[in-house]
Amino acid sequence: MDNNQFQYTDERFADLQMLRYQVTDFESLSLQQKKLLYYLSEAALSGRDILWDQNGRFNLRIRKTLEAVYCSYKGNRKLPEFQKFCVYLKRVWFSNGIHHHYGCNKIQPEFSEAFLREAIEQTDSKDLPLTDGQSKEDLCRLLFPVIFDPTVMPKRVNQADGEDLLLTSSCNYYAPGITQKEAEAFYNAQKEENDLHPIMYGMNSRLVKEHGELKEKVWKQDGLYGQAIEKIVYWLDKAATVAETPKQEQVLRKLIEFYQTGDLKTFDEYTILWLQEQEARIDFTNGFTESYGDPLGMKASWEGYANFKDLKATERTEKLSSNAQWFEDHSPVDARFKKTCCKGVSAKVITAAILGGDLYPSSAIGINLPNSNWVRAEYGSKSVTIGNLTDAYNKAAQGNGFREEFVENEETCQLLKRYEDTCDDLHTDLHECLGHGSGKLLPGVDPDALKAYGSTIEEARADLFGLYYLADEKLVELGLTPDLEAYKAQYYSYMMNGLLTQAVRIEPGKDIEEAHMRNRALIARWTFERAEQRQAAWMVRKNNKTYLHIQDYSVLRELFGTLLKEIQRIKSEGDFEAARKLVENYGIKLDPTLHEEILERYRKLDLAPYKGFINPRYEIITDKDGNWTDVKLHYDEAYDTQMLRYSKDYATLPYIND
Ligand code: ZN
């Protein structure tokens, strides 16, 4: 497809905008590399049902029901009631379940129960997820409260301080009825004191209660989610046969072994091999990875993606990683919490070739793995910035009026226009390549000591590291920023986002829930409070609108340094109380009046606050004997077509998994 004709934006519904990303330079890869990406993309799509089930135990049945109605509805498809049903289904697809992908609240349908009941009545029974002897009426009785009643399973992940986080969260990592206390006691009993190499406890299992006793059901080939894992293993095995290097083959074989055994020690071995594999151009993530979906931060949601290195852009991040020790040595952090030897911080810019599981359709643009603290400390981490996704976001945002509405004046707009894209990429690089990889825990500190506040504190640490260094001469010296003005663009947009505009993602009256957003609010407000006292920043009111004014950027830099120092101390010492105070005081509550103003201004712009990506479609080209001659990517698939195809081709799990 011609570059100029590539359509970055696609359909829009509710608070969501679908985008497309271009797999730039795919054509220039060798046939073997293309095959490898094809197999890895199949592996990345085969785990889709796992995530759906992890997100809620009725999700697979609800998806099947909604899709059956969508495909066979005989009534007038133009009527508002059916249109509202379509929007709901698309939102459920987008969220991989019935709760908002970001806010975690249950999505309320805008059509009636009567409409859905009648539509189900007209649907062929064989297309519905009916279990033995179940009637359509039984199905409605089971699913309707889950879909319609706002008090049933209201929240996927509840983080509210003081509540039982498991009883009030409806994610499916713990069987219903298990309390937070019970689960914490179960895992605390497993942890060995002074274990320098602890496994990722509980990461790959569902906790259930049988005859009054807690027990893990492990996600592995002959365990829970076995049917999906078998498919994943099948494709990984194919991938291993076309691996680029012997080391990469070893990585794939080790991952297969982990999927077969579910042994978390094997997982650590796999992680280390994966970290050490640095030669191949193609790389991937496939497995139980991030724990944001578990209120206790232990159980990992399934995700998969495949990518290849963007050779040119990677020069940028290599400059950072080859200077990792310099950055560590010069940070404002207390010497006790610094790494004396910054190992293996590898960083690259990559091109995503497929997104799956928890990275689809809403994806991170920077990823730093692994999550095991001791593996990171001893072997480093792999950090990536996904260049083609960032590019798609930037292209889609051009000229949408956002900046003009929220930035204080024309002069600041010009500053952002000149530097923001460069600085934003660079901040992501600093966050991923250096921020997450910096610092260390004091000996004997439990990596989970900060509990529910852990993710927010960790993100804040990485963000602050980046913010602090953006203003450093070192970056100009390395040729990464053009001059000592550039960082101001990122400081302004970061503060504006944290203080004002990120609130567009929150419904009126609701709190900030998501870890990255909490972190941004925490940093921006803590800093602003102090900058204001020093007359370095303040809010201005013009035409009944609130704007941020920054008078002295150097004060902000100093404050970012101070907060970084404190956040690193909290992390290194496992100071739960201090983490709780910071997050609760600065990261969660919104000023209702200001929130309403921001929402109102945003509504007028008519933009979608959340974006997600439609994947390219892979096509294998063969000669007349069936040999592969090429792999082609197509960017023509509609979102609903893609979703229905995935539900058909990658339906790996039964409707009920427990
Ligand atoms: Zn991060």
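Residues numbered from 1 in each chain as written. Predicted model: local features only at pLDDT ≥ 70, side-chain atom pairs only at ≥ 80, totals over all residues. Heavy atoms only, no water.

Student: Which parts of the structure should I look at to understand the environment of Tyr102?
Tutor: Note on placement: Tyr102 falls in the loop between helix H4 (80-95) and helix H5 (113-121). Here the alpha-carbon distance between Tyr102 and Ser362, two residues 260 residues apart in the chain, equals 9.2 Å. Residue contacts for Tyr102: discarding those within four places in its chain leaves Arg505, Glu514, His516, Met517, Arg520 and Tyr610. A polar atom in the side chain of Tyr102 sits 3.1 Å from the side chain of Arg505. There is a polar contact of 3.0 Å between the side chain of Tyr102 and the side chain of Glu514. (Helix = DSSP H or I, 4+ residues; strand = E, 2+ residues; numbered from the N terminus. Contact = heavy atoms within 4.5 Å. Polar contact = N/O pair within 3.5 Å; in protein donor to acceptor, adjacent residues only side chain to side chain.)

Student: Mind showing me how you'd approach helix H6 (residues 136-148) here?
Tutor: With 13 residues, H6 should cover 18 Å at 1.5 Å per step; its first-to-last C-alpha distance of 17 Å lies within 8% of that length. In the structure, H6 departs most strongly from a straight axis at Leu142, where the bend amounts to approximately 30 degrees and where the proline Pro145 lies between one and four residues downstream. When we look at burial in H6, the residues that qualify are Lys136, Leu139, Cys140, Leu143, Phe144, Val146, Ile147 and Phe148. In the core, the buried residues of H6 are packed alongside helix H3 (59-72), H4 and H5. (Expected span 1.5 Å × (residues − 1). Bend = angle between axes of the 7 residues up to and from the residue. Buried < 20%, exposed > 50% of the residue type's maximum accessible area, 1.4 Å probe, protein only.)

Student: I'm lost on the coordination of the zinc ion in this one. Help?
Tutor: When four donors bind a metal tetrahedrally, each ideal donor-metal-donor angle is 109.5 degrees, and when six bind octahedrally, the ideal angles are 90 or 180 degrees. Coordination of the zinc ion by the protein comes from His431 (NE2), His436 (NE2) and Glu459 (OE), over a distance range of 2.1 to 2.2 Å. All donor residues of the zinc ion come from one chain, and their arrangement in sequence is H-x4-H-x22-E. In this pair, His436 is assigned in the loop between helix H16 (410-435) and helix H17 (454-470) and Glu459 in helix H17, connecting sequence segments 23 residues apart. For the residue pair His436 and Glu459, the accessibility class agrees, reading buried in each case. (Donors = N, O, S within 2.8 Å, 3.2 Å for Na, K, Ca; no water.)

Student: How should I be thinking about the sheet that holds strand S12 (residues 610-614) in this particular structure?
Tutor: Whether parallel or antiparallel, the strands of a sheet pair through hydrogen bonds between backbone atoms. Sheet architecture is open: three strands sit in the order S1-S2-S12, paired in mixed fashion. Edge positions in the sheet fall to strand S1 (9-13) and S12, since each of these pairs with one other strand and no more. The mean angle between the axes of side-by-side strands here comes to 25 degrees, regardless of whether they run parallel or antiparallel. By the bridge criterion, five bridges tie strand S2 (residues 16-20) to S12 in an arrangement that is parallel. Among the inter-strand pairings, Arg20 is bridged to a residue of S12, identified as Ile614. (Pairing = 2+ DSSP bridges. Axes fitted to C-alpha atoms, helices over the stretch in contact; angles between N-to-C directions.)

Student: Explanation requested: the side chain of Ser95 in the structure shown.
Tutor: Tracing the backbone shows Ser95 in helix H4. A distance of 3.3 Å separates a polar atom in the side chain of Ser95 from the backbone oxygen of His99. A distance of 3.0 Å separates a polar side-chain atom of Ser95 from the backbone nitrogen of His101. What Ser95 contacts, discounting residues up to four positions off in sequence, is Asn55, His100, His101 and Ile107.

Student: Explain the packing of helix H20 (residues 515-533) against helix H22 (residues 576-586) to me, please; I cannot follow it from the model alone.
Tutor: Packed helices, taken two at a time, are described by the angle their axes make and the gap between the axes. For the pair H20 and H22, the least separation of the axes is 8 Å and the interaxial angle reads 85 degrees. Considered as vectors, H20 and H22 are oriented roughly perpendicular to each other. Between H20 and H22, the contacting residues are Arg518, Ala521, Leu522, Arg525, Trp526, Glu529 and Arg530 on the first element and Leu582, Val583 and Tyr586 on the second. The residue inventory of the contact of H20 with H22, partitioned by class, reads six nonpolar, no polar and four charged. (Parallel < 35°, antiparallel > 145°, perpendicular 65-115°, else oblique. Nonpolar A, V, L, I, M, F, W, Y, C, P; charged D, E, K, R; others polar.)

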